[in-house]
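Architecture and fold: a report
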Amino acid sequence: MHMQRKHPEYTPDSTALHQIIRIAVISPWAYIGFEGIAHSAEEFRFPVRKSSRIMNISIIISAIVYISMILISISAYPPEYSNWLEYIKNIGNLKGINSLPAFYAMKYYMGDTGFILLLITLFALILSSLLGNLTALSRLLYAISKDDVLPKRFSKINDRGVPANALWLIGCISLGIPFLGRSAIGWISRCLL
């Protein structure tokens, strides 16, 4: 690792405090998904004390992973740049793996194995996020159906304790969305956020 390059560097176009605040404001979004625990709490069959311990451990592990990824990403940059700040400032003009600092760093340190490992990790992240959101949304539909907002058939639980009708509704709606096109999907996601 390039230890001499580990000091904080800020872009000269704004103050260090302004840059720190910008990062602090967006950092909670890095932990999206933890609310899925609350949506699935009804299915837990162990004491509340154990669930808080599980959640605390998962937050600590997530923080370690995020911090490690940041440190790895800032520790490597292509040889044509003299420092990481110069690399990041020009990142919009780069193509391929050089335009993705985390991927570049993994390939720099571990070769193709690191690159493939990061791809597998990202795939697992996307898949687990989708499954967590699917579980949370099915539980939400189940709950509002119990409150008579949706028809009662969506509040039925199958033999495995899963709101299957709510999952079918989500699946049917989700299957049609890709056919709306990229601009419609962008519009839908902007409306939801």
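One structure accompanies this document, and this report is about it.

Scoring rules and cut-offs
The written sequence of each chain sets the order in which its residues are numbered from 1. Local features are withheld for residues below a pLDDT of 70 in this predicted model, meaning they are given only at 70 or higher, and side-chain atom pairs are given and counted only at 80 or more; totals for whole chains, interfaces and linings count all residues. Side-chain measures were taken over the full set of non-hydrogen atoms in the model, leaving aside hydrogen atoms and water. Only DSSP runs of H or I with at least four residues qualify as helices, and only runs of E with at least two residues qualify as strands; both kinds are numbered from the N terminus onward. Note on classification: 1.4 Å probe, protein chains only; a residue is buried when its accessible area is under 20% of the maximum for its type, exposed when over 50%, partly exposed between these limits. Whether two residues are in contact is decided by their heavy atoms, any of which lying within 4.5 Å being enough. Every accessible area reported is derived by Shrake-Rupley at a probe size of 1.4 Å, with residue values counting cover from the shown protein chains alone. Think of each axis as a best-fit line through the C-alpha atoms, taken over the contacting stretch in the case of a helix, with angles from 0 to 180 degrees between the N-to-C directions. Crossing handedness follows the turn of the near helix against the far one: under a right angle anticlockwise gives a left-handed crossing, and clockwise gives a right-handed one. Amino acid classes used here: Ala, Val, Leu, Ile, Met, Phe, Trp, Tyr, Cys and Pro are nonpolar; Asp, Glu, Lys and Arg are charged; the rest, including Gly, are polar. The span one expects for a helix is its residue count, reduced by one, times 1.5 Å. Each residue is assigned a bend, namely the angle between axes fitted to the seven residues that terminate at it and the seven residues that start at it. The residues that make up patches have over 30% relative accessible area and no salt bridge, and they are joined within 9 Å when like-charged or within 5 Å when they are Val, Leu, Ile, Met, Phe, Trp or Tyr. Salt bridge criterion: a side-chain nitrogen from Lys or Arg within 4 Å of a carboxyl oxygen from Asp or Glu.

**A short note on the overall build of the protein chain**
A tally of regular secondary structure across the protein chain gives seven helices and zero strands. Counting from the amino terminus, the protein chain carries its helices and strands in the arrangement α-α-α-α-α-α-α. Every one of the 193 residues in the protein chain was classed for burial, and the buried ones make up 17%. Taking the intrachain contacts of the protein chain between residues at least 6 apart in sequence as the baseline, contacts between residues at least 24 apart amount to 43%. By element, 69% of the accessible surface of the protein chain is carried by carbon and sulfur atoms, the whole surface being about 14200 Å².

**Examining the packing of helix H5 (residues 101-146) against helix H6 (residues 164-176)**
Interhelical geometry of H5 versus H6 gives an angle of 120° and a closest axis separation of 9 Å. By crossing handedness, the relation of H5 to H6 is classed as right-handed. Within the contact between the two elements, H5 uses Leu134, Leu137, Ser138, Leu141 and Tyr142 and H6 uses Ala166, Leu167, Leu169 and Ile170. Of the residues belonging to the contact of H5 with H6, the class tally is eight nonpolar, one polar and no charged.

**Comments concerning H5**
The α-helix advances 3.6 residues per turn, and as a result positions three or four apart in sequence lie on the same side. The terminal C-alpha atoms of H5 lie 47 Å apart, and with 46 residues this falls more than 12% below the ideal 68 Å at 1.5 Å per residue. Remark: the principal bend of H5, roughly 140°, maps to Met110. Directly beyond the C-terminal end of H5, a positive phi value near 65° is found at Asp148.

**What to know about a nonpolar patch on the surface**
A cluster of nonpolar residues, Tyr108, Tyr109, Met110 and Leu117, forms a patch on the protein surface that exposes about 360 Å² of accessible area. Summarising the element assignment, Met110 is placed in helix H5. Residue class for Met110 comes out partly exposed when judged on its relative accessible area of 40%.

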